[in-house]
Structure formats: structure tokens, C-alpha cells
Amino acid sequence: MKLYSDAYRIFKDLKAIGYSEDDKLNLVDLNQFDQLHYHGTLSVQEAIETINIQENDNVLEVGAGWGGPSRFIAYKTRAHVSALELQKDYSEVGKELTLRTGLESFVTHINQDFLNFSERNNCFNKIVSWLALYHIPDRKKYTQKLFNLLYQNGMLFIEDLTFGSGFESSHKEILEKKLFANSLEKYSDYLEICAKAGFEIVEHKDMSSDWENYTKERLKVLQTNRNNHEKIHGVEGYSTIEDFYKTVADGFAENIIGGIRVICKKN
């Protein structure tokens, strides 16, 4: 996906606020940049509370990117978190950021495709994922894998994209190209697939309206700060981000895409 072509851009953001390349990092400063989902650490804190992540829990984050949520969870709870990420460059940058925040004894970065992830069954107390699962092909297969990886009474927290009410087949190509969407489902089908895998659906919430407002405001803030962004990331770097932000904001505004938060339990 074009947005994720430069895993090292986060170092430019850190440099712009005064960090040299070997400096230890303050997590609050880093959290301005390392949360690639909506509402940043507010959403991660919600996950911590709703699925009750505690010290010594074994947590898996699927599609961890730079590992922002994994680090925040570890810092807040002292749980052990496995940050699983497909892209090697993002995983390596994430590992460096974890070292520089002093959280390496709590966060382990794993560079692997979730579909080939080889951990034994019943291995995690909690699994979390933000805006990542829709990238992975074969939702039924990987939802079953999520179920198998959890201990009995384990909890799952997901925020993900869905098809919106205005989705038509003509939109499919742009969603695949611009958003790397490989397993979008209708909201109701998303829940059904979780239930058929064996999960008890504890709570679900349609996030579409919330995320429409969020992505609209995010685009506006980016465009307002264009000059500063271009100084840090260059003209091409800015246009890549703007194109992605606009695609997502328009997708929500036109109801082509929607959003879901689902909390599940393995009984």
C-alpha cells in the first residue's frame, strides 16, 4: 500500500520535534506519530479497559505496524505483547522504537504473515487489532485462527473497516488499489463470521459516523499544515499522505466504507 511505502518517515517526524537518531524516546512524544489508527491511544486505552488487559497477560497485536498500540499496552499494563507485522521494514523500525523507549522486555516484534503465523494454539489471553484485518485475504480462515490462538475465556478487540451502505462493485478496484482491501465484509457478515468461528460477541459498535468525522478532520488538519509537512517529508511525501487521507475521508463520506468495533470472547 502506497501509504506504507516509507517506514522510516517516522524518524523525520521525531527529528522535527528535536530527537537525534540515537536518543531515548519519551512515549508520549512518540505516540503522536506511531498510532496508525483512529483516535490513537484513546482507542488503545479503551481496548485495555474493555477486555481487561492486565499485568502478565500474553497479548497479540495483529498488523502492528510500528508497534504503537503494543508499546502503549505494555507501558500501561506491563502485559507481554507480541507485535505481529507483515512488512519487514515496519517491524524493524518498530523494534528500534521499542528499544529506544525501554520497553523491549515487554514487547516482541515478529515479522510474519498472520496466515503463516506458527505459534501454537491457545497461546494468548488477549488479541487486539486496529485497521489491519481487512488487508488479509480469507476472513473466515483468519478469524478461525484468531479463535484458535486464544486461551479459553480469552478476549478479542478489533477495530476494522467494512463495506459501507453505498458500496457498489464498481468501487472494488479503487478499494483494493488505494486501501489494499482484501477481505471487506458487510457489518452483519462480519459479526456472523466471528460467531461461526465460535466467538461470543460481547459488544459491537458501528464506527462509521465517528470515523467519517475523524477522517474529515484529519484531512483538514493535514492540508492546513501542508507547508510544515512538506518541509519534513517533501512534496511527494505530503502528496502520498494527502491522497490516502482523502481516499479514506471520501470513502466514509460517500458510505463506500464503514467501520466496526467488535469485542469477542472465547468460551
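None of the values given here were measured: they were computed from a predicted structure. (Residues numbered from 1 in each chain as written. Predicted model: local features only at pLDDT ≥ 70, side-chain atom pairs only at ≥ 80, totals over all residues. Heavy atoms only, no water.)

Visitor: Honestly, the pattern of salt bridges in this entry has me stumped. Any pointers?
Guide: When the charged atoms of two side chains with opposite charge come close together, those side chains can pair. Inspection of the entire model under this criterion finds 12 salt bridges. The network of salt bridges with common partners includes E46, E159 and R261. (Salt bridge = Lys/Arg side-chain N within 4 Å of Asp/Glu carboxyl O.)

Visitor: How should I be thinking about the sheet that holds strand β3 (residues 107-111) in this particular structure?
Guide: Pairing between sheet strands relies on hydrogen bonds along the backbone, with the strands arranged either parallel or antiparallel. One open sheet accounts for seven strands, arranged β3-β2-β1-β4-β5-β7-β6; its pairing is mixed. Looking at strand neighbours, the two that pair on one side only are β3 and β6 (200-206), the edges of this open sheet. This sheet shows a mean twist of 15° between the axes of neighbouring strands, independent of strand direction. In this sheet, strand β7 (residues 257-265) lies alongside β6 in antiparallel orientation, the contact comprising six bridges. Paired with E200 across the two strands is K265, which belongs to β7. Across the sheet, helix α10 (residues 226-253) lies against β5 (150-163) and β7, angled at about 85° from β7, the strand it touches most. (Pairing = 2+ DSSP bridges. Helix = DSSP H or I, 4+ residues; strand = E, 2+ residues; numbered from the N terminus. Axes fitted to C-alpha atoms, helices over the stretch in contact; angles between N-to-C directions. Contact = heavy atoms within 4.5 Å.)

Visitor: What am I meant to see in the packing of helix α1 (residues 9-16) against helix α5 (residues 88-100) here?
Guide: Helices that pack against each other are described as a pair by the angle of their axes relative to one another and the distance between those axes. Running from N to C, α1 and α5 cross one another at 35°; their axes reach a closest spacing of 10 Å. In contact with R9, I10, F11 and L14 of α1, α5 contributes Y90, V93, E96, L97 and R100. Considered class by class, the residues forming the contact of α1 with α5 number six nonpolar, no polar and three charged. (Nonpolar A, V, L, I, M, F, W, Y, C, P; charged D, E, K, R; others polar.)

Visitor: Sorry, what's going on with the layout of surface pockets here?
Guide: Where empty space is left becomes clear once a probe the size of a water molecule has been rolled over the atoms. Size it by volume and the largest pocket reaches roughly 850 Å³. Lining the largest pocket are 29 residues, and of these D13, Q32, F33, H229 and Y245 sit closest to its centre. Secondary-structure elements contributing two or more residues to the lining of the largest pocket are α1, α3 (40-50), α9 (208-224) and α10. Considering each element in turn, the lining of the largest pocket owes the most residues, seven residues, to α10. (1 Å grid on protein atoms, 1.4 Å probe; cavity = no way out; pocket = protein on both sides within 12 Å on 5 of 7 lines; lining within 4 Å. Points joined across faces, edges and corners; volume = space filled by probe spheres on them.)

Visitor: It is not clear to me how the packing of aromatic side chains should be interpreted in this structure. Could you clarify?
Guide: By convention here, two paired aromatic rings are described through the distance between centres and the angle between planes. Tallied over the entire structure, the rule returns 11 aromatic pairs. Here Y38 and F252 contribute two aromatic rings whose centre-to-centre distance is 6.2 Å and whose plane-to-plane angle is 70°, an arrangement assigned as edge-to-face. You can see Y38 sitting in the loop between α2 (27-30) and α3 and its partner F252 sitting in helix α10, a full 214 residues away along the chain. Exposure class is identical for Y38 and F252. Each is buried. Above the face of the F114 ring, K145 is positioned so that its terminal group lies 5.6 Å from the ring centre. (Phe/Tyr/Trp six-rings, centres within 6.5 Å; stacked < 30°, edge-to-face > 60°. Buried < 20%, exposed > 50% of the residue type's maximum accessible area, 1.4 Å probe, protein only. Lys NZ or Arg CZ within 6 Å of the ring centre and 35° of its normal.)

Visitor: For this particular structure, what's the right way to read the pairing of β3?
Guide: If a strand is regular, its side chains alternate between the two faces of the sheet. Taken together, the five bridges between strand β2 (residues 80-85) and β3 define a ladder with parallel strand orientation. Directly across from L84, in β3, lies its bridge partner I110.

Visitor: Sorry if this is basic, but what is going on with the environment of L161 here?
Guide: Tracing the backbone through its elements, the reader meets L161 in strand β5. Sequence separation between L161 and K177 is 16 residues; the distance between their C-alpha atoms is 15 Å. Residues within four places of L161 in sequence aside, it is in contact with L131, Y134, R139, L179, L184, Y190, W211, F252, I257 and G258.

Visitor: For this particular structure, what's the right way to read the side chain of S129?
Guide: Along the chain, the position of S129 falls in strand β4 (residues 124-130). Excluding anything up to four places from it in sequence, S129 contacts V62, F157, I158 and E159.

Visitor: Please clarify how the nonpolar core should be interpreted in this entry.
Guide: As a rule of thumb, nonpolar side chains are buried together in soluble globular proteins. With 33 residues, the main nonpolar core has I53, I73, L97 and V128 as its most contacted residues. Sorting the residues of this core by element identifies α1, α2, α3, α4 (68-77), β2, α5, β4 and β5 as the ones contributing at least two each. Setting aside its immediate chain neighbours within four residues, I53 contacts A47, I48, V59, I73, T77, A79, K126 and V128. The next biggest cluster of nonpolar side chains, apart from the first, holds 27 residues, and it includes F147, C194, A197 and F199. (Core = buried A, V, L, I, M, F, W, Y, C linked by side-chain atoms within 4.5 Å.)

Visitor: Even after reading the chapter, I still don't get the state of the cysteines, so can you show me in this structure?
Guide: A covalent bond between the sulfur atoms of two cysteines is what we call a disulfide. One pass over the full model with this rule turns up zero disulfides. Residue C194 stays outside any disulfide, its sulfur separated by 4.3 Å from that of C264, the closest cysteine. For C194, a relative accessible area of 3% gives the class buried. (Disulfide = S-S within 2.5 Å.)

Visitor: Even after reading the chapter, I still don't get the environment of I51, so can you show me in this structure?
Guide: Mapped onto the fold, I51 is located in the loop between α3 and β1 (58-62). Separated by 119 residues in the primary sequence, I51 and S170 place their C-alpha atoms 38 Å from one another. For I51, the residues in contact, after removing those within four places along its chain, are K126, I127, V128, M155, L156, F157 and I263.

Visitor: Please clarify how the side chain of R71 should be interpreted in this entry.
Guide: Its place among the elements puts R71 in helix α4. For R71, a relative accessible area of 0% corresponds to the buried category. Of note is the side chain of R71, whose polar atom sits 3.1 Å from the backbone oxygen of G94. Setting aside residues no more than four positions away along its own chain, R71 makes contact with L27, L30, D34, W66, G94, L97, T98, T101, L103, V107 and H109. (Polar contact = N/O pair within 3.5 Å; in protein donor to acceptor, adjacent residues only side chain to side chain.)

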